[in-house]
Amino acid sequence: MSTNRYKDIVMPNYEHCILGTISSILKYFNVETKHKTSEKLDKILSEKQYKNVIFLILDGLGEHILKSISPDGFLQKNQIDLVTSVYPSTTTAALTSYYSGCSPYETGWIAWSQYFKEYGRALDMFSHNESYMREPLKKPLLDVFKTIMSYESVFEKIEKISPEVKAYEIEPEYAERRAKRSIKANNLDELIMNIEDLCMIPNKKFILAYSDNPDGLLHKYGTTSEEVKEFIKNAEEKIEEMSKKIDDDTLLIISADHGHKDIEKAYTLLDYPEIQECLIIPAYLESRVLTFWVKESMKKTFEERFNKEFEKEFWLMTKEEFLDKYHFLGYGKKHNKIDDFIGNYVALSVAGSIIRLETFLAEGKPVKKSTHCGLSKEEMELPVIVLKK
């Protein structure tokens, strides 16, 4: 089906997306990258040698959320670019692209829930729990996350090529450690305090700092909530205050992994036995981008039945269209698990709807007020902000 049917979608632009941001940082530290860098960021980074390059990721802070809450604020005034997320527009894919400098096509980190034939289970990628029962696996004989799903981090890449540079990550306590120098910060105040402390250390540094808000608040309260407005306004004030303290040998880059869209309607495939009949295993990935393993003899039937119910809200396409025609996961050397993870069909949200991931064994997770993973501009478009003296 042509994209012309869906007028208000934003496709991932791998020539001008979040991969360009991290690729420019890698290039600055002499790391070879196969992805297109950000011309605007390259220009700023080429102006001088910085003692500290800080990359602050505010999870969920899309362009349209920032613009609606603080159109004339400090962050918007220092915005240098507007880029798309990778696809899916979700933390699993996007944050891994930041941490690896690679596309989802290369890392295999695609969405919240991915099916592993090694376990006969769909697993939540960050928690490693079974997706439907939400329980940890009991003593697996092989740890897929330490073997087939591992990747070389940007921290390792930078320190290997530029050993005079110390690479740090600052992140919440629950997050998986990816750098040798990892500092825990469970809120924005702790995060900023640690950035300021690190900047006082004399050696050259790259600091990647990750805040899990406003994403957590957006999921819970929605994009127009007072809670989200308060967080973003406060964050802006605190970041402005921090920027006054940094020296002229420090560069602060701020961006996000994805934006957010309020949820208008939630479906479950358990209400559609005629669609369930076509499937080999339950759908997985995320509620706004789902992949289906459809019985070979029922492909045409599945297309007709799915589109009859969901055509206006979900763009259904074949695996070949998803990977090779539209290149939704990007470019590069294909991860050897991609063909395991992507079924023979994929459905992408083009409206405000979700399809819950659940089975008759376990109910799906609670419906959030707002989420991401679809193709709306609210989810796909992100600011790139630069602060320097």
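Reading the values: the criteria
Residues numbered from 1 in each chain as written. Predicted model: local features only at pLDDT ≥ 70, side-chain atom pairs only at ≥ 80, totals over all residues. Heavy atoms only, no water. Phe/Tyr/Trp six-rings, centres within 6.5 Å; stacked < 30°, edge-to-face > 60°. Helix = DSSP H or I, 4+ residues; strand = E, 2+ residues; numbered from the N terminus. Buried < 20%, exposed > 50% of the residue type's maximum accessible area, 1.4 Å probe, protein only. Pairing = 2+ DSSP bridges. Axes fitted to C-alpha atoms, helices over the stretch in contact; angles between N-to-C directions. Parallel < 35°, antiparallel > 145°, perpendicular 65-115°, else oblique. Left-handed = near helix turned anticlockwise from the far one by under 90°. Contact = heavy atoms within 4.5 Å. 1 Å grid on protein atoms, 1.4 Å probe; cavity = no way out; pocket = protein on both sides within 12 Å on 5 of 7 lines; lining within 4 Å. Points joined across faces, edges and corners; volume = space filled by probe spheres on them. Nonpolar A, V, L, I, M, F, W, Y, C, P; charged D, E, K, R; others polar. Salt bridge = Lys/Arg side-chain N within 4 Å of Asp/Glu carboxyl O.

A.B. asks: If you had to explain the packing of aromatic side chains to someone new, which residues and values would you point to?
C.D. replies: Going through the model one piece at a time under the given rule, you end up with 29 aromatic pairs. Arranged with centres 5.2 Å apart and planes meeting at 55°, the rings of Tyr-87 and Phe-328 form a pair that is tilted. Taken together, the positions of Tyr-87 in the loop between strand 2 (79-84) and helix 5 (91-100) and Phe-328 in the loop between helix 13 (319-325) and helix 14 (338-341) put the pair 241 residues apart, joining distant regions of the chain. Grouping residues by exposure puts Tyr-87 and Phe-328 together as buried.

A.B. asks: Lay out the pairing of strand 15 (residues 353-356) with the relevant residues and their values.
C.D. replies: The side chains of a regular strand alternate between both faces of the sheet. Of the two faces of strand 15, both are covered, the one formed by Ser-353 and Ile-355 as well as the one formed by Ile-354 and Arg-356. Pairing between strand 10 (residues 265-268) and strand 15: four bridges, direction parallel. Bridge assignment links Lys-265 to a residue of strand 15, and that residue is Ser-353.

A.B. asks: Run through unusual backbone geometry, naming residues and quoting values.
C.D. replies: Following Tyr-87, the chain continues into Pro-88 via a peptide bond in cis, with omega recorded as -5°. By secondary structure assignment, the location of Pro-88 is in the loop between strand 2 and helix 5. Following Asn-213, the chain continues to Pro-214 via a peptide bond in cis, the omega torsion being 15°. Structurally, Pro-214 is set in the loop between strand 7 (205-211) and helix 9 (215-221). Of note in this structure, His-128 is not a glycine but carries a positive phi near 70°. Secondary-structure assignment places His-128 in the loop between strand 4 (121-124) and helix 7 (154-161).

A.B. asks: So what's going on with the packing of helix 8 (residues 188-199) against helix 10 (residues 226-245)? Which residues, and what values?
C.D. replies: Relative to each other, helix 8 and helix 10 sit at 10°, their axes nearing to 11 Å. It follows that helix 8 is roughly parallel to helix 10 by the angle criterion. At the point where helix 8 passes helix 10, the crossing takes the right-handed sense. Facing helix 8, whose interface residues are Leu-188, Asp-189, Ile-192, Ile-195 and Glu-196, helix 10 presents Phe-231, Ala-235, Lys-238, Ile-239, Met-242 and Lys-245.

A.B. asks: Give me the lowdown on the layout of surface pockets, citing residues and values where you can.
C.D. replies: Put simply, the largest pocket is a space of about 950 Å³. Around the largest pocket, the lining is made up of 40 residues, and of these Trp-112, His-219, Glu-286, Lys-365 and Lys-368 lie nearest the centre. Taken together, the elements giving at least two residues each to the lining of the largest pocket come down to helix 5, helix 9, strand 11 (284-286) and strand 15. Its residues assigned to classes, the lining of the largest pocket shows 14 nonpolar, 12 polar and 14 charged. Its volume calculated, the second largest pocket comes out at about 550 Å³. The wall of the second largest pocket is formed by 21 residues, among which Lys-34, Ser-100, Cys-102, Glu-106 and Lys-157 lie closest to the centre. Looking at the lining of the second largest pocket, the elements that each hand over two or more residues are helix 6 (104-107) and helix 7. Here the lining of the second largest pocket takes three residues from helix 7, the largest share from any one element. Residue classes in the lining of the second largest pocket are distributed as five nonpolar, eight polar and eight charged.

A.B. asks: Which residues make up the side chain of Ser-97, and what values do they have?
C.D. replies: Mapped onto the elements, Ser-97 comes out in helix 5. The residues touching Ser-97, leaving out its near neighbours within four places in the chain, are Leu-19, Ile-22, Val-86, Cys-102, Ser-103 and Pro-104.

A.B. asks: Mind laying out the pattern of salt bridges, listing which residues take part and the relevant values?
C.D. replies: On inspection of all chains with the given rule, the structure shows 23 salt bridges. Between Lys-244 and Glu-241 there is a salt bridge, and its shortest N-O distance comes to 4.0 Å. One end of the pair, Lys-244, and the other, Glu-241, are both in helix 10, three residues apart, so they sit about a helical turn from each other. The exposed category is assigned to Lys-244, whose relative accessible area is 52%. According to the relative accessible area criterion, Glu-241 is partly exposed, its value standing at 43%. Taken together, the shared-partner salt bridges in this structure form one network comprising Lys-117, Glu-118, Lys-337 and Asp-340.

A.B. asks: Quick rundown of the sheet that holds strand 2? Include the residues and the values.
C.D. replies: As summarised here, the arrangement of the seven strands in space is 2-17-8-1-7-5-6, forming an open sheet in which the pairing is mixed. Edge positions in the sheet fall to strand 2 and strand 6 (181-184), since each has one partner strand and no second. Adjacent strand axes in the sheet meet at a mean angle of 20° when their direction is disregarded. In this fold helix 1 (residues 18-28) packs onto strand 1 (52-58), strand 2, strand 7, strand 8 (250-255) and strand 17 (381-388), with an angle of close to 165° to the strand it touches most, strand 1. Its contacts with the sheet put helix 8 on strand 1, strand 5 (166-171), strand 6, strand 7 and strand 8, and the angle it makes with strand 7 is roughly 175°.

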